[in-house]
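Examining the three-dimensional arrangement
Letter by letter, the chains look like this.
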There are 2 protein chains.
Amino acid sequence: MPRKDKRRQIMQAAEKLFATRRFHEITLDEVARIAQVGKGTIYLYFKDKDDLFFQTALAGYDDLCDVLEQRVPCDAPFEEQLLIACREISKFFQRRQQVYRMIQVEDARIPWCKGNIREAWKEKRQRVVAALSAIMRRGVDEGKVRMDIPAEAMANVLMGMLRMQAIYLVDHPGSERHIDFLVDLFYRGAGWVGGSSPPLEAASVEERNQPQRLRGF
Amino acid sequence: MPRKDKRRQIMQAAEKLFATRRFHEITLDEVARIAQVGKGTIYLYFKDKDDLFFQTALAGYDDLCDVLEQRVPCDAPFEEQLLIACREISKFFQRRQQVYRMIQVEDARIPWCKGNIREAWKEKRQRVVAALSAIMRRGVDEGKVRMDIPAEAMANVLMGMLRMQAIYLVDHPGSERHIDFLVDLFYRGAGWVGGSSPPLEAASVEERNQPQRLRGF
DNA sequence: ATACTAATACTGACCAGTCAGTTCTATAAA
DNA sequence: TTTATAGAACTGACTGGTCAGTATTAGTAT
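Residues numbered from 1 in each chain as written. Chains lettered and ligands numbered in written order. Predicted model: local features only at pLDDT ≥ 70, side-chain atom pairs only at ≥ 80, totals over all residues. Heavy atoms only, no water.

**Observations regarding the side chain of Arg96(B)**
All names here are of chain B. Inspection of the secondary structure puts Arg96 in the loop between α5 (78-95) and α6 (97-107). Separated by 2.9 Å, the side chains of Arg96 and Glu15 make a polar contact. Side-chain polar atoms of Arg96 contact the side chain of Asp63, separated by 2.6 Å. Non-local contacts of Arg96, meaning those with residues more than four positions away in its chain, are made with Glu15, Gly60 and Asp63. (Helix = DSSP H or I, 4+ residues; strand = E, 2+ residues; numbered from the N terminus. Polar contact = N/O pair within 3.5 Å; in protein donor to acceptor, adjacent residues only side chain to side chain. Contact = heavy atoms within 4.5 Å.)

**Things to note about the protein's contact with DNA strand D**
Close to DNA strand D lie 16 residues, the nearest being Lys39(A), Lys6(B), Gly38(B), Thr41(B) and Tyr45(B). Of all DNA strand D atoms lying within 4 Å of any protein atom, the proportion belonging to sugar or phosphate reaches 65%. Contacts to DNA strand D include Lys39(A), whose side-chain N or O atom sits 2.7 Å from a base nitrogen. Residue Lys49(A) places a side-chain N or O atom 3.1 Å away from a phosphate oxygen belonging to DNA strand D. When residues of the surface near DNA strand D are traced back to their parent elements, those giving at least two are α3 (39-45) of chain A together with α1 (3-20) and α3 (39-45) of chain B. Among the elements that line the surface near DNA strand D, the one with the most residues is α3(B), at 5 residues. Classifying every residue of the surface near DNA strand D by side-chain character gives 6 nonpolar, 4 polar and 6 charged. (Near = heavy atom within 4 Å. Nonpolar A, V, L, I, M, F, W, Y, C, P; charged D, E, K, R; others polar.)

**Overview of the packing of aromatic side chains**
For the structure on display, the rule yields 12 aromatic pairs over all chains. Judged by centre distance (4.8 Å) and plane angle (85 degrees), the rings of Phe18(A) and Phe53(A) are edge-to-face. Of this pair, Phe18(A) sits in helix α1 (residues 3-20) while Phe53(A) sits in helix α4 (residues 49-71), and the two are 35 residues apart along the sequence. Judged by its relative accessible area of 3%, Phe18(A) is buried. Overall, the relative accessible area of 4% leaves Phe53(A) in the buried class. Centroid distance Phe78(A) to Tyr187(A): 6.0 Å. Interplanar angle 45 degrees. Geometry classified as tilted. In this pair, Phe78(A) sits in helix α5 (residues 78-95) while Tyr187(A) sits in helix α9 (residues 178-188), placing the two residues 109 residues apart along the sequence. Considered together, Phe78(A) and Tyr187(A) belong to a single accessibility category, that of buried residues. Taken together through their ring pairs, the aromatic side chains of Phe18(A), Phe23(A), Phe53(A) and Phe54(A) make up a single cluster. If you follow Arg22(B) out to its NZ or CZ, it ends over the ring of Phe23(A), 4.9 Å from the centre. The ring of Phe23(B) has Lys49(B) sitting right over it, with the charged end atom 4.4 Å from the ring centre. (Phe/Tyr/Trp six-rings, centres within 6.5 Å; stacked < 30°, edge-to-face > 60°. Buried < 20%, exposed > 50% of the residue type's maximum accessible area, 1.4 Å probe, protein only. Lys NZ or Arg CZ within 6 Å of the ring centre and 35° of its normal.)

**Quick notes on the protein's contact with DNA strand C**
The environment of DNA strand C is formed by 16 residues, the closest being Gly38(A), Lys39(A), Leu28(B), Lys39(B) and Lys49(B). Each atom of DNA strand C within 4 Å of the protein was assigned to sugar, phosphate or base; sugar and phosphate come to 66%. The separation between a phosphate oxygen of DNA strand C and a polar main-chain atom of Leu28(B) is 3.0 Å. Secondary-structure elements contributing two or more residues to the surface near DNA strand C are α3 of chain A together with α3 of chain B. Take the surface near DNA strand C: its biggest share by element is 5 residues, from α3(A).

**Some words on the pattern of salt bridges**
Pairing of side chains with opposite charge becomes possible as their charged atoms draw close. Taken as a whole, this structure holds 39 salt bridges over all chains when the rule is applied. With a closest N to O distance of 2.7 Å, Asp50(A) and Arg22(B) form a salt bridge. Of this pair, Asp50(A) sits in helix α4 while Arg22(B) sits in the loop between α1 and α2 (28-35), on two different chains. Since its relative accessible area comes to 8%, Arg22(B) is described here as buried. Here Glu69(A) and Arg127(A) are joined by a salt bridge, their closest N and O atoms 3.2 Å apart. Taken as a pair, Glu69(A) in helix α4 and Arg127(A) in helix α7 (residues 115-141) lie far apart in primary sequence, 58 residues in all. Put simply, Asp62(A), Asp66(A), Glu69(A), Lys124(A) and Arg127(A) are held in one network by salt bridges that share partners. (Salt bridge = Lys/Arg side-chain N within 4 Å of Asp/Glu carboxyl O.)

**Brief notes about the nonpolar core**
Formed by 92 residues in total, the largest nonpolar core has its most connected members in Leu82(A), Met136(A), Phe186(A), Leu82(B), Met136(B) and Phe186(B). Every residue in contact with Met136(A), bar those within four places of it in the chain, is listed here: Phe78(A), Leu82(A), Val145(A), Ala151(A), Met154(A), Ala155(A), Phe186(A) and Ala190(B). (Core = buried A, V, L, I, M, F, W, Y, C linked by side-chain atoms within 4.5 Å.)

In short, shape yes, function no, at least from these values alone.
Next up, the structure:
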């Protein structure tokens with residue numbers, strides 16, 4: 001029995017279980033049972049329950065990054081890259097809702113979890129954002145994307161939208177194509193598309209005429 | 001000592017604690033200590049630990065709804081309503097990161113938690129979306145918002161964006177005004193703003209020319 | 001035989017939830 | 001105003017069950 005197999009078995013079981021119930025509701029006995037592995041075996045591969053959990057979630061993030069990097073053709077024009085990337089992320093979350101939920105749940109939690117895990121997490125997260133940022137930057141280069149907001153900031157917003165999409169798909173199965181509308185909304189905005197869209201900075205809203213460049217982010 | 005006081009004390013303590021560590025890491029002894037209340041008292045007001053947790057989170061949602069309904073002037077034009085609502089949501093999340101995190105964390109969890117709680121949660125959530133939807137619908141009436149995507153769908157997307165904003169503010173304190181850029185991005189989209197923005201449906205992307213109306217949502 | 005890995009049995013810390021007892025409050029009677 | 005009484009609100013020590021983590025035994029390959 002090669003080590004790789006056992007490790008994967010355990011993580012698969014963990015992913016399945018952690019995704020459907022809360023951390024404290026899952027026992028390692030259960031993980032061991034589902035993984036068809038002795039409980040003690042888990043401790044050969046993982047330091048403790050937390051370690052198992054975070055490693056499983058981190059691996060899920062990695063898989064998402066791999067999918068993105070493989071499927072998005074780096075020589076395609078901006079629009080295609082954007083749409084494909086969003087579709088892939090959306091599909092990935094459907095295929096592996098477990099990972100999505102773990103990310104969704106624990107991403108919010110990261111700020112206060114212990115050191116090295118937090119760093120590892122942020123690094124993984126950064127990979128996804130970086131992939132989307134690269135696409136946005138390409139869009140800027142092609143003159144198709146606005147330049148007054150940093151590409152990374154836009155990538156982050158897009159990520160938030162994709163999350164929402166995933167939540168929606170849970171309650172509305174079978175509406176997978178909505179992702180295209182979401183991308184369109186991101187790209188063209190909610191403003192009226194017929195004719196020239198009226199600018200947002202209406203006189204009624206004070207302080208709206210702010211500098212056109214983001215500080216920080 | 002009126003019951004209201006104790007109940008609020010307990011919920012405040014719970015909100016503070018649940019927001020900073022994970023559910024299973026919080027003991028009710030700790031909650032009682034922080035609330036300056038006997039442990040048994042908690043059980044006079046809440047059925048069990050889960051009940052305490054969800055009621056606390058639900059109350060947070062309610063507060064957000066109240067803020068929205070109070071602060072957004074219902075006679076103001078669309079742009080103002082939109083911007084004020086988004087700012088208020090953003091500010092609320094800053095003031096009470098705890099609630100934000102509980103919402104963020106548990107929203108993803110809702111699909112599989114026990115019956116009545118799930119229903120209550122979705123109902124609360126619906127209130128926020130409804131408030132944003134009403135604003136979007138007003139925008140449509142004023143001819144400022146596109147009609148090819150249902151208002152509710154756009155409201156949901158916007159909600160996702162605001163979430164992301166909240167995550168960002170955790171890591172980038174002091175950049176509160178970014179919310180305005182986010183609203184702008186939502187309203188005008190990522191497309192190039194100078195001149196006529198090229199449409200997203202580039203020939204290279206197959207199947208892009210889909211019907212202009214969302215099914216479902 | 002030996003070395004190494006998997007499965008099982010075990011243990012002790014931990015904590016949600018309880019309950020018997022205490023304190024506070026409100027009302028009434030003196 | 002003071003005292004008495006009822007009963008509601010509150011408390012925190014206690015308990016029973018659970019489960020993470022470890023020690024032990026069984027299995028396998030060389």
